[in-house]
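Per-entry structural report
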Amino acid sequence: MAEATIRDVARRAQVSIASVSRALNGLGNVRQETRERVMAAAAELGYVPHAGARSLSLARAHAVGVVLPDLHGEFFSEFVRGMDREASRRGYVLLLSNIHDESEQAANALRAMRGRVDGLIVMAPHLSAGMLQSALPPTLPSLFINGPEEIDDRPTVRLDNVAAMEAMVAHLVAGGRKRIVHIAGPEGNVDARERVEGYRAAMARHAPGIEPVVLAGDFSEEAGEAAAHAIRANAIACDAVFAANDMMAIGCLQALRNGGADVPGEIAVAGFDDVPLARYLGLTTVRVRIAEMGARAIERLIDILEGGPADQRAERHDAELVVRGTTAARD
């Protein structure tokens, strides 16, 4: 079946080719009704704007597209560092993009990679399986990092979040802490959901009879600070805080200490990821070999691009408990 063209979209939406172009490029001089008709027509026809002429888009670009939920912060800088190192070693360059929410712009960002890259790595734990499956070009080799488990027809690199939560809760309980508060990541995020589930299961196993307490967060340092203020202001009975990432743990740690709390004497604090800053602050955390995971994702994808078998298995990576001063055991 021939690929849809911009003329096909214009014909289906009953508008001019110029209107289709303006609508797809997000220009403001298009009525909302027209924009919606164009988007609907493009979705129905499976139309994706070409990055260049058809003859050029069929050529190998020796480029890998990388779509991340964010492009700043120590976690993502480490992740990109690992991917870039392996891509450069294999003679490829990276084309980076980010997606903040589940929207038509997010779908277009994924579709627009076709013609620009040979393959695509997607780390979008906040996007649904349905959205990803509909937006990803079916002929573009792709690999997911911690993607929805419902997508099982593409290779995946996953972190064992549940086992990591188990290890940290067990460590805190062994150190005399039982009233452990968890600061969660954003709702709808696969990693955040798995970490909450792992925390609840570990609490039931290691601290039976203690009610788990989950505070809302969004992976930002500010969310950790807000959680610390809530703990102090609402007098939440706890002797440990385990945040779903290091940045929230760092925000919580600093706010608790600024408020006069004794860490770790009065309350222990732990995080998740082991970003470089965590090491300088002596933060107990779960070490994710971030750069190595990024490099492994690139390695698997390029192996496929260069004729290797399309291994669809979910490759699972373990995290490592790293104990530092913020969770020192009570006397």
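Report follows, based on the coordinates. Quick caveat: nothing in here was measured; it's all calculated off a predicted structure.

Right, let's get into unusual backbone geometry. Backbone torsion omega between V263 and P264 reads 15°, so that peptide bond is classified as cis. Here P264 lies in the loop between α11 (246-258) and β9 (268-270). Phi at Q14 is positive, roughly 60°, even though this residue is not glycine. Its location among the elements puts Q14 in the loop between α1 (6-13) and α2 (17-24). Of note in the backbone geometry, D274 takes a positive phi value of approximately 65° without being a glycine. With respect to the helices, strands and loops of the structure, D274 is situated in the loop between β9 and α12 (276-280).

Looking now at the nonpolar core. Formed by 66 residues in total, the largest nonpolar core has its most connected members in V64, F79, I121, I180 and F242. Residue contributions to this core reach at least three from each of two domains, namely domain 2 (63-158 + 290-315) and domain 3 (161-288). Grouped together as the second largest cluster of nonpolar side chains are 18 residues, L127, L132, A135 and L140 included.

A few words now on the sheet that holds strand β5 (residues 156-159). Overall, parallel pairing links the six strands, which are arranged β2-β1-β3-β4-β5-β11 in an open sheet. In this open sheet, the two strands that pair with only one neighbour each are β2 (93-98) and β11 (314-317). Going across the sheet, the axis of each strand differs from the next one's by a mean of 20°, ignoring polarity. Where strand β1 (residues 63-68) meets strand β3 (residues 119-122), four bridges bridge the pair, whose relative direction is parallel. Bridged to V67 within β3 is V122. Relative to the sheet, helix α5 (residues 74-89) contacts β1, β2, β3 and β4 (142-145), its axis offset from that of β2 by approximately 155°.

Assignment of secondary structure puts E315 in strand β11. Since its relative accessible area comes to 9%, E315 is described here as buried. At a separation of 2.8 Å, a polar atom in the side chain of E315 contacts the side chain of R296.

This paragraph deals with the sheet that holds β9. Pairing is parallel across the open sheet formed by four strands, whose spatial order is β7-β6-β8-β9. Both edges of this open sheet fall to β7 (213-215) and β9, since each of them pairs with a single strand only. Sheet twist, expressed as the average angle between the axes of neighbouring strands with direction ignored, equals 20°. Sheet topology note: the strand β6 (residues 180-183)/strand β8 (residues 240-243) ladder contains four bridges and is parallel. Looking across to β8, one finds that I183 is bridged to A243.

Rules of the game
- Residues numbered from 1 in each chain as written.
- Predicted model: local features only at pLDDT ≥ 70, side-chain atom pairs only at ≥ 80, totals over all residues.
- Heavy atoms only, no water.
- Helix = DSSP H or I, 4+ residues; strand = E, 2+ residues; numbered from the N terminus.
- Core = buried A, V, L, I, M, F, W, Y, C linked by side-chain atoms within 4.5 Å.
- Buried < 20%, exposed > 50% of the residue type's maximum accessible area, 1.4 Å probe, protein only.
- Domains from an automatic or database assignment.
- Pairing = 2+ DSSP bridges.
- Axes fitted to C-alpha atoms, helices over the stretch in contact; angles between N-to-C directions.
- Contact = heavy atoms within 4.5 Å.
- Polar contact = N/O pair within 3.5 Å; in protein donor to acceptor, adjacent residues only side chain to side chain.

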